[in-house]
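Descriptive analysis of the structure
Each chain is listed here by its residues.
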Amino acid sequence: MSSRISIFGLGYVGTVSAACFAAEGNHVVGVDPQEVKVEMINSGKAPVIEADLPDLIRDAVSEGRLRATMEAEEAIADTDVTVVCVGTPSQPNGSLDLSHVAQVCTEIGAALRKKSGYHVVVIRSTVLPGTLRELVIPTLEEASGKTIGAEIGLSMNPEFLRESTAVKDFYNPPKTVVGAIDERSGKVVADLYAGIDAPLIITGIDVAEAVKYTDNAWHALKIAFANEIGNVCKSLDIDSHKVMDIFCQDTKLNLSPYYLKPGFAFGGSCLPKDVRALTYKARSLDLSVPVLDSIMPSNDRQVERALNMVTAKGFKRIGVLGFSFKAGTDDLRESPIVELIERLIGKGYELRLFDRNVNLARLMGANREYILKVIPHISRLMADGMQEVLDHGELIIIGNGDPDFHSVTQRLRPDQTVLDLVRVPEGEAIKERYDGINW
Ligand SMILES: NC(=O)c1ccc[n+]([C@@H]2O[C@H](COP(=O)([O-])OP(=O)(O)OC[C@H]3O[C@@H](n4cnc5c(N)ncnc54)[C@H](O)[C@@H]3O)[C@@H](O)[C@H]2O)c1
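Right, let's walk through the structure included here.

Let us now look at the environment of A60. As for its position among the elements, A60 is in helix α3 (residues 53-62). A60 sits in the buried class, given 25 other C-beta atoms within 10 Å. C-alpha separation for the pair A60 and A19, spaced 41 residues apart in sequence, amounts to 6.9 Å. Setting aside residues no more than four positions away along its own chain, A60 makes contact with A19, A22, A23, R65 and L66.

Turning to the site of the ligand, a few remarks are in order. Lining the immediate surroundings of the ligand are 26 residues, of which G9, G11, G87, S125 and T126 lie closest. Sorting elements by how many residues they give to the shell around the ligand places helix α5 (residues 99-113) first, with four residues. Residues belonging to the shell around the ligand are distributed by class as follows: 10 nonpolar, 10 polar and six charged.

Moving on, we come to the nonpolar core. Core analysis: the largest hydrophobic core is formed by 66 residues, its most contacted members being V16, A19, I57, L66, V84 and I108. Examining the composition of this core, we find that nine residues originate from one element, helix α1 (residues 12-23), more than from any other. Among residues more than four places away in sequence, those in contact with I108 are F8, A72, I76, T82, V121 and L140. Counting residues in hydrophobic clusters, the runner-up holds 35 residues, among them L340, F354, I398 and F405.

What follows covers the packing of α5 against helix α6 (residues 131-144). Each pair of packed helices gets described by two things: the angle between the helix axes and the distance between those axes. At a minimum axis distance of 7 Å, the contact between α5 and α6 shows a crossing angle of 35°. The way α5 lies across α6 gives a crossing that is right-handed. Across from V101, A102, C105, T106, I108, G109, A110, L112 and R113 in α5, the residues of α6 making contact are L135, V136, T139, L140, E142, A143 and S144.

Regarding helix α15 (residues 356-363), the residues found buried are N357, V358 and A361. Buried positions in α15, seen along its axis, are confined to an arc of 95° and lie on one side of it. Contacts from the buried residues of α15 go to α16 (368-374). One or two steps after α15, the chain reaches G365, where phi turns positive at roughly 95°.

Rules behind the numbers
Along each chain, the written sequence defines residue order, and numbers are assigned to residues from 1. Given that the model is predicted, a residue must reach a pLDDT of at least 70 before its local features are reported, and side-chain atom pairs must reach 80 or more before they are shown or counted; all residues, however, enter totals for whole chains, interfaces and linings. The secondary structure listing takes helices from DSSP runs of H or I that are at least 4 residues long and strands from runs of E that are at least 2 residues long, numbered from the N terminus. Any residue surrounded by 20 or more other C-beta atoms within 10 Å of its C-beta is treated as buried, while 12 or fewer makes it exposed and the intermediate range makes it partly exposed; C-beta atoms here are placed from the backbone. Each residue is represented by a C-beta atom placed from its backbone, and any two residues with such atoms within 7 Å are regarded as in contact. Whether a residue is near a molecule or strand depends on its C-beta atom, generated from backbone atoms, being within 6 Å of that molecule or strand. As a working rule, the residues Ala, Val, Leu, Ile, Met, Phe, Trp, Tyr, Cys and Pro are called nonpolar, Asp, Glu, Lys and Arg charged, and the rest polar, with Gly in that last group. In plain words, the nonpolar core is the set of buried Ala, Val, Leu, Ile, Met, Phe, Trp, Tyr and Cys residues that C-beta atoms within 7 Å link up. To get an axis, a line is fitted to the C-alpha atoms, and for a helix only the part in contact is used. The angle between two axes follows their N-to-C directions and goes from 0 to 180 degrees. Here a crossing is called left-handed whenever its near helix is offset anticlockwise from the far helix by less than a right angle, and right-handed whenever the offset is clockwise. To be clear, the arc concerns the directions from the helix axis to the C-beta atoms.

Okay, here's the thing in C-alpha cells:
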C-alpha cells in the first residue's frame, strides 16, 4: 500500500528514509531549510555520502516519487504522514538541544491548522523520554489548534541505522519500534514498514523513546568494556580477540537477555570477588579501567537505593522474604540482601526474615557454621515460616525470586506494603501498596 509521506530534515536519517520510502513505492516530499540539500535532491543527487543512496535518489526523483522543498505548508498539504528527522545535537553541557524539534513542530502544527483530515506525525529524531509529552504534543496542539489523538496521530519511531551502511540497515533493521499514542497512529506507521523484514514492536511513546537511549548506551558500554578487556589482555600478553571471540560464543549468559533485567544488586561468591580481582590486577598493571572500576560502586549504590526506599516508607516492622543472593541457594556470602538487612538492623528496624533454603542450611549443611558464627545477628531474626514474617511486617521486602513468594501480594493485610526487589508476577494486583526497586 503506497503512502504520501513528508520528511522534515534531510540529513543522514531523513535522506536515507526519504529515498528508501520512495523506493518502496511511496510518494515522498523532503523538507529542509537548507536550499542546497533541496536542490540536490530535486536534481536527483544525494546530499549526504552513503552507499547505494545516489542510485535510489536518482531513480525515485526521475520516476516522480521523490521531491524536496523548503515549504513546510505545501509538504504537509500534499501528504498524510510526516516523519521528523531533524537533528538533536548535544549542547556544551551535554544536554539535548531540542530547538530544531520545537521549531519543526511549530511549523508542522501551523501547516496542519490549514489542512483538514487525519494526519500522523512521526518523530524519528532521537529524543529523551518525556519529550513527546512535554514538548511535541503541546507544541503541535498549540500551533495547529487541534487535538493529538483526534485529528492528529502521533508516533515515536526511533531509527537504528548506522552511517555508512544506512541503506542496508533501513531494509534490515534489528527491529522496528513503533511507539504510538493510540492504535490508529500505530497502524499507520506500522504500514510504512510492511515491506521490511524485521520484528515489529508496537509500544507506548515513552517506552519507544527510552529504548533508543538504552540501545545506544548499551552499544557504547559494550565498546568501552571490550576495549578495557583488550587493554588488560594485551598487558598480560593474551590475544584479546581470541578471548572476545570465545566470550561471544556464549549466547546463554553473555550475549543474551540473562542478567539484563533491572532489579537489585548482584552478589554471591563469584561476581564481586572476581570483579575486584580483575580491577586489582588492572591497577597492578598500571592500567586505567574506569568502566570495570565503576561496577562495584554501582552495585553498592543499588543497596543504598533499596535502603533509602525502605526508610522513606516510614515503617518500623520489616519482613524480609528471601535473603540468599538468589533463589534456590543457601549461599549467603556477599548477599546484598544480607547487607541491606544489616544496615536496617543498625538503624533500629525490627526485622523478621524467612528463606526456605537458608532455614534448611541453619539446621544442617556446609553453611550452618557460617550462619551461626559469622551472621548470628541475622540467624536470630529468622522465622520458621513465611506466615510468621507476613504477620510481623508492616513492610514486606521480597528479596529473591523464590516461587513461594509469587503469591505474597495476595496474602497481605490491607495495612501492609511490599517493596519488591525481584518483580514478582502479581505485583500489579495491589498497585497502590506495591513498589518495585526500579519499575
Ligand atoms: N546519523 C545517524 O546515524 C543517526 C542514527 C539514528 C538516529 N539518529 C538521530 O536522527 C536525528 C537526525 O540525525 P541526522 O544525523 O540525520 O542529522 P543531520 O544533522 O545530518 O540532519 C538534520 C537536518 O535537519 C534539518 N533541519 C533543521 N531544522 C529543520 C526544520 N525546521 N525543518 C526541516 N528540516 C530541518 C537540517 O537542515 C539538517 O539537514 C537525530 O536526532 C539523530 O540523533 C541519527
